[in-house]
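Tertiary structure, described
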Amino acid sequence: MEDESSDYMSVSQQVADKLKRQALDFKILMDSFQQRFQQDQNDQFYILSVKWLNQWKEYVSYEELLANKNPSRNFGKLNMDLINLNLEDKVDRCLKYYPINTHPWNTFMKENLQENIDYIIVDKEIWQFFTTYYHGTPIVRMSNGTGTEKTVAVNLLKFKSTLLYPTVIKQIALDRVLKQTFGKSYLQVDRSMKLKDYYNLLQKTVPTFTGSFAKDDNVRIWRYQTDQKDINKALFADIQKQVAALENNDEMSFDFVGDYIHYSIYETIEDVGILDNHLIIIEFKDESKPWCIRNKAVQVEGKCENCQVVKVLNHPCVCRKVAYCSQECKAKDYNYHSMRCEKFGSDDDTIKGLTQQPNSIAGLAGLTNLGNTCFMNSGTQCISNTVPLTEYFLSNQYFDEINMDNPIGTKGQLVKRVGSLLKKLWYGEKSVVTPTNYKKAVGQFQPMFKGYHQHDSSELITFVLDGIHEDLNRVKRKPYVETKDSEGRTDFVVAKESWTNHLARNQSIIVDLMYGQYKSTLKCPKCARLSITFDPYLMVQLGIPSQKKRTISFKFFDSFFNSTIKIIPFDKNKNISLKDYYQVLGEELKVKPQNLFAYIANQYTSFELLKESRSIVEIRKSAKRSQLCFRVLLDEEAQISNKLPIQFSNKYQDFSKTSYFQNGFFLLDGSNTRKQMHLQIFQYLKPLFTEHQNLDYETNVLNKYYSLLYKSNSNYWNPCSYCSSKNCNDCEVKFDDEKLEEAKKKVVTSDSQGLFEIIILWKETPYNNVKLGDIFDHYRNQNKTQVEQSQQQTTPLQNHGHSNQHSGSVTLADCLQFSQQPEQLNSENTWYCKVCQEHVQAYKSMQIYKAPQILIFTLKRFKASNRMFKQKLETFVDFPLNGLDMTDYLINSKTPQEYENETEDDNGENNKQRVIYDLYAVSNHFGGLGGGHYTACAKNKFTKKWYNFDDSHVGEISEQQVITKSAYVLCYQLRTDESKNSQGQTIQQE
């Protein structure tokens, strides 16, 4: 057995002496520790890990040394851990007490540790002794009592806590927080500490934070309790619910339900009685802002309306919207505030009691622009002049229908603000109303309207009406509704079933008045399968037919060698398939439509064959940076049943082998052999051999004048599909009996269209006196000349048919007809055809099946001109003020509310009647996309006259001034009496 003294001998004498000295010094310090502990001036003690201490004792052979034995096996050999590494608890602290680097409560110990098992208590001398030689984390605790009664408060009171001040509330109000909760954070404190001393400690801590906090009386402490499992999330939700509608410049405060913890109520921390399910809130006071917590236990602070100083406000105005710090301030501000003071508040009882008076403004009040809110004012005036809806609000009916259980509503907050605003616009006396609370409520329902950015009046109308609907939805629990296919049933049956499903989840005054029904049809471009659905709508989006002088540019091959650039008129509004466009082009070019063959020639990639089902509008767009080509096929080519297009190019043997004079497609029969392909290509090229008679192709032409090569598709990763070589420099097309379809199979995996390309590599000129290079130059120059001529023929407005200019005007009827035309879905929005079992770019058409009592149109003036920018269509759209006849544009002449009186045999589809609407409001947009300005025109239900609403300015206008090219949203009401319009005026019969 090895002698243990060998372990001692493995450590140098110098190191061994140092370790012995440490052990003896520690023994001396521990022997006198109890005496030092009881000294009154010694009130700061340290926690020392027992685990670490035992490791150190083994490292210095402490026990062996005291017993005068040989050193242990690990004497001087251990890598010592950091002191207290196993005791420290890494928790998220709510804050660090002052001084932040040395305060003992900033370091947390793990819970449930036991003295003499997990740790021992030592004084400063012993701690400094160890840290002379080793590193570690100091865990300091203070003592209570004196002499033999002295104890050390090791286990402090650890509690859940969070920090609140106005900036935190602002982040929540403006929705700038990543998580919808407060993070779990903690503080700890000695239970026996005086609460007043704890306040003093926190007040000293406030200046360690960046920000403009108050210097005195800058801290308050609160206790929050809840039955919910996650108390941090619950507090966050309570705050967010109150402050979500606040704007950037509002006072960031909220009503708090909880306990105020103050030293006037509790003497010590122990007296407060903090439990594990409590959340302690530390509130800091901003220097220039009021406290963020409002509670009945403290006086309410705010900015005095007169002196603008944050103080306790004990003198509110009767309108409850402003308050003052003193009666003197209130008196000084009276003359100014009285001019804009509302004589009624916004509480429910006050709003309910407001009725029409002789001096009521009767809908002719303007709305203050709060900063880029002209879009909101314009849309709101359109809503305000929707008579059936406004009468519903003015009669207070909405109070009985508020849905407090709808999770996507606002618990009545939005609808109450709308009701309050409408009462002020119709029953109030002020000629200008400031819609601050209304704007906040709209922003709460739809966060995109928070702040002061310019938005879209059409979107505003949609979101407000949708918000009203959700707040007033009579359906408390929305059932799951399964959509069924039409399965051969009539349109009426499927449409009625769809509307019944809609009502199962949505019933409100908005649905009653303003929801119509679309018939949506999808048609597969391959198998022509139809999918028909019926969907509800709140607003009809109308496209504006383009009045641009558009053209389409293409290269036209009327024979194999002869091509010209054609530029002909193009009607973008007729979005038809390529197959149908062949009919149009055949008439234009005087050729057989069935003999036309189209493809797109690309400079660096394979040509693109065009499917006959593709939209000609989409083809024209995709060929913008390439060359659209149409070729007239010979009758024998057109009659081939198994057509195999083969792309070709002409080159001749020079240094680069890149010259060309013609490229395109051969159209061959896929069942042909390669030998037949050689001979057919020679037939195409025979016009070049006019100086030769009775040439035998295999003997006199092949590999003498030209060779046929497969264009290799080999690259670094993939071998050539024809010869399997990675270094292929184009393969010879052999003169043999291999089928062309076999060649196609070789490339179908490497080319998405299964195309392959043939190179006609010329070696000798077919003319006696013309060089090969001159032939290529001739055709290349001819092609260049054609392009130049085409550019000269194209005016700047045409630009090959991609002009952005416009002229002329259209009618609302033109827009209705245009919007019902089929449109092909783009490649990012495909539809799954169950017959073809694949996603296809179907043709979609939208028709109005039923129209509601209130019919709102949005003219689609803003459209994307590319991925980054939009353009505004300034086209003048002429629309009727009275007598809009929608009969021809509706499939069913009844409103959706009349379904209950319709049957499959007797309905508004098979027993159609005239449907007439009258205009009552317009939202206008002036200017461009960068900013622009919104106004509204509306017909007043009392005066029967038209008025212009430009923010706070309201003025009478003539009927002629209503119809302008700035019209954006058109609001119509169904005429229920043939002899009168929707607002009761008698109409002269023609």
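Residues numbered from 1 in each chain as written. Predicted model: local features only at pLDDT ≥ 70, side-chain atom pairs only at ≥ 80, totals over all residues. Heavy atoms only, no water.

1. Some words on the overall build of the protein chain
Summing up its helical and strand segments, the protein chain has 27 helices and 45 strands in all. Within the protein chain, counting contacts between residues at least 6 apart in sequence, those at least 24 apart form 71% of the total. (Helix = DSSP H or I, 4+ residues; strand = E, 2+ residues; numbered from the N terminus. Contact = heavy atoms within 4.5 Å.)

2. Topic: the packing of helix α2 (residues 13–31) against helix α4 (residues 50–60)
Geometrically, a packed helix pair is captured by the angle between its two axes and the distance between the axes. It is the contact of α2 with α4, at a shortest axis distance of 9 Å, that shows an interaxial angle of 130°. By the angle between their axes, α2 is oblique relative to α4. Taking contact as the criterion, the partners of Leu19, Gln22, Ala23 and Phe26 in α2 are, on α4, Leu53, Trp56, Lys57, Tyr59 and Val60. In terms of residue class, the contact of α2 with α4 is made up of 7 nonpolar, 1 polar and 1 charged. (Axes fitted to C-alpha atoms, helices over the stretch in contact; angles between N-to-C directions. Parallel < 35°, antiparallel > 145°, perpendicular 65-115°, else oblique. Nonpolar A, V, L, I, M, F, W, Y, C, P; charged D, E, K, R; others polar.)

3. Describing the sheet that holds strand β26 (residues 643–652)
Taken in spatial order, the 5 strands line up as β27-β26-β30-β28-β29 in an open sheet, and their pairing is mixed. Each end of this open sheet is capped by a strand with a single partner; those strands are β27 (663–669) and β29 (731–732). Two strands pair when backbone bridges link them, and β26 and strand β30 (residues 757–762) are joined in this way by 6 bridges, in the parallel orientation. By the bridge assignment for β30, Ser649 is matched with Ile759. (Pairing = 2+ DSSP bridges.)

4. As for helix α9 (residues 231–243)
Residues lying three or four places apart along an α-helix face the same way, a consequence of the helix completing one turn every 3.6 residues. Compared with an ideal rise of 1.5 Å per residue, which puts 13 residues at 18 Å, α9 spans 19 Å between its outermost C-alpha atoms and is within 8% of the ideal. Of all the residues in α9, the buried ones are Ile231, Asn232, Ala234, Leu235, Phe236, Ile239 and Val243. Looking at the buried residues of α9, the elements they touch are β5 (157–164), α7 (166–173), β7 (219–224), β8 (254–255) and β10 (279–284). One side-chain oxygen of the residue at the start of α9 lies 3.2 Å from the amide nitrogen of Asn232, identifying that residue as Asp230. (Expected span 1.5 Å × (residues − 1). Buried < 20%, exposed > 50% of the residue type's maximum accessible area, 1.4 Å probe, protein only. Polar contact = N/O pair within 3.5 Å; in protein donor to acceptor, adjacent residues only side chain to side chain.)

5. Here's the deal with the pairing of β7
With respect to burial, β7 is a largely interior element, 6 of its 6 residues being buried. Side chains Val219, Ile221 and Arg223 of β7 all project onto a buried face; the interleaved residues Arg220, Trp222 and Tyr224 project onto the opposite face, where all are buried too. As defined by bridge partners, β7 adjoins β10 across 6 bridges and the pair is classed as antiparallel. Directly across from Arg220, in β10, lies its bridge partner Glu283. Sheet topology places β7 next to strand β9 (residues 259–261); 3 bridges connect them, and they run antiparallel. The residue of β9 that forms the bridge with Trp222 is Tyr260.

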